[in-house]
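# Overview (structure and organization)
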Amino acid sequence: MGRSGAAPAFRFLNAPSLLAAELAASLAEDDIRGNEAFETAVVFDASGREVWRMDGEQLAVDLTDAYNRGVLKDAVLTHNHPAASGQDPAYNSLSDMDWHAAIRADMAEMRAVTPVATFSIKRPDGGWPPAAQVVAYYNKRHAAKQDAADRRVLARPYNPNKRVSQILAEEMRTALHDTNRDVARRFGVTYTRTTRRT
């Protein structure tokens, strides 16, 4: 399935907690951002030291080994979101499973990257809310956002210069971002989407 284990990557001495991990994650993201064949997850401790890396499949990375090694608690995990079949990879935000993994493992931050954007959720000062509540709310909001996006696509006048699949992809990535924003607001989580300059 891929390679696993701790590989020395970046280490920043005397850096404030989490800042070093975020910087190390952003550097690692340059290597995985454009990979459209499979997901790669990379985990950093608070000092910015890479403590785990795994290549997965196109739509997932199995975190079982990282859970078993105990490297996820208080860590920053970043991973890429390759193009899923029929999906536009440009703005694929965090999934319900990304939220669940971050909460279950009590990570400091969960990040996902695409070729043009970085998405992040950070643990609130008081700790993560219950995973079951967050995932249920996420799925409810996402279903509503998808339904609204479908209605908007069907209501648009025909445009011979744009395929329906392109219009739907634009609506879906907006719906996914809006879902993450709504969930974060509801549960007091910091969520960000940063677009890269090309």
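Structure first, text after, so check above.
The rules we used
- Residues numbered from 1 in each chain as written.
- Predicted model: local features only at pLDDT ≥ 70, side-chain atom pairs only at ≥ 80, totals over all residues.
- Heavy atoms only, no water.
- Helix = DSSP H or I, 4+ residues; strand = E, 2+ residues; numbered from the N terminus.
- Buried < 20%, exposed > 50% of the residue type's maximum accessible area, 1.4 Å probe, protein only.
- Contact = heavy atoms within 4.5 Å.
- Areas by Shrake-Rupley, 256 points an atom, 1.4 Å probe, with all protein chains shown as cover.
- Pairing = 2+ DSSP bridges.
- Axes fitted to C-alpha atoms, helices over the stretch in contact; angles between N-to-C directions.
- Expected span 1.5 Å × (residues − 1).
- Phe/Tyr/Trp six-rings, centres within 6.5 Å; stacked < 30°, edge-to-face > 60°.
- Core = buried A, V, L, I, M, F, W, Y, C linked by side-chain atoms within 4.5 Å.

### So, the overall build of the protein
Looking only at helices and strands, the protein features five helices and six strands. Element order for the protein, N to C, with α for helix and β for strand: α-β-β-α-β-α-β-β-α-α-β. When each of the 198 residues of the protein is scored for burial, the buried share is 47%. Of the contacts formed within the protein by residues at least 6 apart in sequence, a portion of 66% connects residues at least 24 apart. Of the roughly 10,300 Å² of accessible surface on the protein, 50% is carried by carbon and sulfur atoms.

### Things to note about unusual backbone geometry
Glycine aside, residues mostly have negative phi, and peptide bonds are mostly found in the trans state. Even without being glycine, Asp74 reaches a positive phi, approximately 65°. Residue position: Asp74 is located in the loop between helix H2 (64-69) and strand E3 (76-80). One non-glycine residue, Asp106, adopts positive backbone phi at about 60°.

### What to know about the sheet that holds strand E5 (residues 117-122)
The strand order across the open sheet built from six strands is E2-E1-E3-E4-E5-E6, with neighbouring strands paired in mixed fashion. Because the sheet does not close on itself, it has two edges, and the strands there are strand E2 (50-55) and strand E6 (190-195). Going from strand to strand, the sheet's axes swing by 15° on average, the running direction of each strand aside. In the packing of helix H3 (residues 96-105) onto the sheet, the strands contacted are E3, strand E4 (109-113) and E5, and the crossing angle to E4 comes to about 150°.

### A word on helix H4 (residues 131-155)
Helix length check: H4 (25 residues) gives 36 Å between terminal C-alpha atoms against 36 Å at 1.5 Å per residue, within 8%. Within the sequence span of H4, burial applies to Ala131, Val134, Val135, Tyr137, Tyr138, His142, Lys145, Ala148, Ala149 and Val153.

### Let's talk about the packing of aromatic side chains
In this description, a pair of aromatic rings is defined by centroid distance and the angle of the planes. Evaluated as defined, the whole model comprises one aromatic pair. Consider the rings of Tyr137 and Phe187, whose centres lie 5.8 Å apart with planes at 80°: the pair is edge-to-face. Residue Tyr137 is found in helix H4, and its partner Phe187 is found in helix H5 (residues 164-187); the two are separated by 50 residues along the sequence. Considered together, Tyr137 and Phe187 belong to a single accessibility category, that of buried residues.

### Focus: the pairing of E3
Burial analysis of E3 places five of its five residues in the buried class, which makes it a mostly covered element. Side-chain alternation along E3 places Val76, Thr78 and Asn80 on one buried face and Leu77 and His79 on a second face that is also buried. Of the pairings in the sheet, the one linking strand E1 (residues 40-44) to E3 comprises four bridges and is antiparallel in character. Following the sheet pairing, Ala41 is matched in E3 by His79. Bridge count between E3 and E4: five bridges; the pairing is parallel. Looking at the pairing, Leu77 lines up with Met110 of E4.

### A few points about the nonpolar core
Among the nonpolar cores identified, the biggest contains 35 residues, and Trp52, Leu77, Leu94, Trp99, Met107, Met110 and Ile121 are the most heavily contacted of them. Counting residues per element, this core draws most heavily on H3, at five residues. Setting aside residues no more than four positions away along its own chain, Trp99 makes contact with Leu94, Ile121, Val134, Tyr138, Asn180, Val183, Ala184 and Val189. Counting seven residues, the second largest nonpolar core, distinct from the first, contains Ala24, Ala28, Phe44 and Val76.

Note that all results are geometric; they support no functional claim without further evidence.
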